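# Coordinates in review
So the chains spell out like this:
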Amino acid sequence: MPNVRPEQGPTDSGPTDSGPTDSGPTDSGPNPGPTVDVAVPCYRYGEMLPTAVRSVLDQEGVTVRVLVIDDASGDGSADVAAELAAADDRVTVSVHEQNRGHIATFNEGVMEWAAADYTMLLSADDALPPGALRRATALMEADPDVAFVYGNALDWDGSLPLPPARTAGAEWKIYSGQEWLRRRFALGVNPVSSPAAIVRTSVQKQAGGYDPELLHTSDLEVWMRLALYGKVGFIAHADQAYVRGHASNMSVAYEDRDGGVGDLRMRLLAYTTLVRKSAGRLRDAERLERKVRRRLAGDALLRVSRSYDKGRYDERAARLLVEFASETVGGAAQLNKLPEWHALRVRTTLGQKASAMLSPLVLTAAARRLRQVWRRRRLDRAGV
């Protein structure tokens, strides 16, 4: 029979480098290493589910359990999950009779079910490279104050076999939670890909689960909240997950529609929610909130400027983005202090055709692309 489950103080020590992290145990005995519980939410991803689950079961140097949570897929995904459980007693299945949504499904895995040393959420359409769990748990075993660890994610188109991943030469970087949070508020973006992150279960239980009010950015708020309770580890120079991008991803609607104003609003909500929940744990909370508000407002205005430069100006999107920017910083007087606002006014004066052709603006766009390349490289080597 398949294992079918019925429904059911910050530190400030600064960043440090150590490693490599590939020195964890490789013994294949009955208890080869730290225990990891991996929850695999699944909604109509039955075709990809075996790849995700097998990538966990094949991890060396750790003892794993897998809970597949089928959120009333109704397309045979639950049957695929049951077959996987029948083939390996480390796999258990929870099948929802009615769809509960992704937040409730996440919390069932990390808050209700997980009991191991460490916890991970892995979507049924993602996968893990070899050694990912060993690298991450080795870091947390070495430093008990680390609340969670994340690494780089490799884009994957869903084809098999899985593409080669970097698994050797990994290095550790450990940040105080407060420093990591300062960087998050300065940039206003989420550097953590969920399948590339693993959490100390005791800290997860203490910090709490995913917030149902944050449908699009609940993960960002969780990572920041966890950083209030301990250090943050990063695995550099290695790939910690395969992430499959496709048109049905929940984030697509937020990021593409109306210039991405929905994405910006949900990011802002994640930050303001974190400030509200921090209960004094977040240092300089008011200053940090002002900073992230300016950053997100500037990003909104920059998106309108880019639409001018690329000849893709959309009046509705531009209006919504400017309204968001003004609301976020507290009105026109504050908006006028942003350099992105003055850059946009130049483009508005010039008009769409001139903005797309004028060389100074083209040079500005080129400089912006160079900064993006630099940031991607920084993310790969430092995670922030």
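Refer to the preceding data block for the structure.
Now for a description of the structure that goes with this document. (Residues numbered from 1 in each chain as written. Predicted model: local features only at pLDDT ≥ 70, side-chain atom pairs only at ≥ 80, totals over all residues. Heavy atoms only, no water.)

Of regular secondary structure, the chain possesses 15 helices and ten strands. Burial status across the chain gives 51% buried among its 384 residues. Put simply, the chain shows about 17,300 Å² of open surface, and 52% of that area lies on carbon and sulfur atoms. (Helix = DSSP H or I, 4+ residues; strand = E, 2+ residues; numbered from the N terminus. Buried < 20%, exposed > 50% of the residue type's maximum accessible area, 1.4 Å probe, protein only. Areas by Shrake-Rupley, 256 points an atom, 1.4 Å probe, with all protein chains shown as cover.)

A few words on the nonpolar core. In a soluble, globular protein the nonpolar side chains are often hidden away together inside. Of all hydrophobic cores here, the largest spans 61 residues; its most connected members are F148, Y150, W180, F185, W223 and L282. Here this core gets nine residues from one element, more than from any other, and that element is helix 10 (residues 285–309). When sequence neighbours within four positions are dropped, the list of residues in contact with F185 reads M224, Y271, L274, V275, L282, L288, E289, K291 and V292. Judged by nonpolar contacts, the second largest core, of 39 residues, contains V38, Y45, V93 and I235. (Core = buried A, V, L, I, M, F, W, Y, C linked by side-chain atoms within 4.5 Å. Contact = heavy atoms within 4.5 Å.)

A few words on the side chain of S176. Mapped onto the elements of the fold, S176 is located in the loop between strand 8 (171–175) and helix 5 (177–187). For S176, a relative accessible area of 0% corresponds to the buried category.

Residue P161 is bonded to the preceding L160 through a cis peptide linkage, with omega at 0°. Examined against the element boundaries, P161 turns out to sit in the loop between strand 7 (146–156) and strand 8. Unusually for a residue other than glycine, R44 sits at a positive phi of about 60°. Turning to its location among the elements, R44 is positioned in the loop between strand 3 (35–42) and helix 1 (49–57). Among the residues examined, R44 registers a relative accessible area of 49% and is labelled partly exposed.

Bringing the pattern of salt bridges into the picture now. By the definition in use, this model includes 17 salt bridges. Residues R90 and D88 are paired through a salt bridge, measuring 2.9 Å at the closest nitrogen-oxygen approach. Residue class for R90 comes out partly exposed when judged on its relative accessible area of 30%. When its relative accessible area of 12% is taken as the criterion, D88 is described as buried. Salt bridges here are not isolated pairs; linked through shared partners, they connect D211, E221, R225 and K277. (Salt bridge = Lys/Arg side-chain N within 4 Å of Asp/Glu carboxyl O.)

Checked against the element boundaries, R290 lands in helix 10. Distance in space between the C-alpha atoms of R290 and A186 is 9.7 Å, their sequence separation being 104 residues.

This brings us to helix 4 (residues 132–142). Among the eleven residues of helix 4, nine are classified as buried, and the element is accordingly described as predominantly covered. Among the residues of helix 4, those classed as buried are A132, L133, R134, R135, A136, T137, A138, L139 and M140.

Their axes nearest at 8 Å, the elements helix 10 and helix 11 (residues 315–329) cross at an angle of 160°. Classed by the angle they form, the pair helix 10 and helix 11 counts as roughly antiparallel. Here helix 10 and helix 11 pass one another in a crossing that is left-handed. Taking contact as the criterion, the partners of R293, R294, L296, A297, A300, L301, R303 and V304 in helix 10 are, on helix 11, A318, L321, V322, F324, A325, E327, T328 and V329. Class assignment of the residues belonging to the contact of helix 10 with helix 11 gives a composition of eleven nonpolar, one polar and four charged. (Axes fitted to C-alpha atoms, helices over the stretch in contact; angles between N-to-C directions. Parallel < 35°, antiparallel > 145°, perpendicular 65-115°, else oblique. Left-handed = near helix turned anticlockwise from the far one by under 90°. Nonpolar A, V, L, I, M, F, W, Y, C, P; charged D, E, K, R; others polar.)

Our next topic: helix 13 (residues 339–350). The end-to-end C-alpha distance of helix 13 is 17 Å, a good match for the 16 Å that twelve residues give at a rise of 1.5 Å each. Phi turns positive one or two residues past the end of helix 13, at G351, with a value near 90°. (Expected span 1.5 Å × (residues − 1).)

Let us now look at the packing of aromatic side chains. Scanning the model with the defined rule gives nine aromatic pairs in all. Centroid distance F106 to Y210: 5.3 Å. Interplanar angle 65°. Geometry classified as edge-to-face. Taken together, the positions of F106 in helix 3 (residues 102–113) and Y210 in the loop between helix 6 (201–207) and helix 7 (218–227) put the pair 104 residues apart, joining distant regions of the chain. Here F106 matches Y210 in class, with each residue buried. Seen in terms of ring centroids, F185 and Y271 are 4.8 Å apart; in terms of plane orientation they differ by 75°. Their pairing is edge-to-face. One end of the pair, F185, is in helix 5; the other, Y271, is in helix 9 (residues 261–277), with 86 residues separating them in the sequence. Taken individually, F185 and Y271 each receive the classification buried, so the pair is uniform in this respect. (Phe/Tyr/Trp six-rings, centres within 6.5 Å; stacked < 30°, edge-to-face > 60°.)

Glancing now at the packing of helix 9 against helix 10. Across the interface, helix 9 lies against helix 10 with an axial gap of 10 Å and an inter-helix angle of 180°. By the angle between their axes, helix 9 is roughly antiparallel relative to helix 10. Every residue of helix 10 that contacts helix 9 at D263, L264, R267, L268, Y271, T272 and V275 is listed here: A285, E289, V292, R293, L296, D299, A300 and R303.

Time to look at the pairing of strand 5 (residues 91–95). Where strand 4 (residues 63–70) meets strand 5, five bridges bridge the pair, whose relative direction is parallel. Bridged to L67 within strand 5 is T92. Taken together, strand 4, helix 2 (residues 77–87) and strand 5 constitute a β-α-β crossover, and its handedness is right-handed. (Pairing = 2+ DSSP bridges. Right-handed = clockwise from strand over helix to strand, strands pointing away.)

Interpretation in functional terms is not warranted from these geometric data alone.
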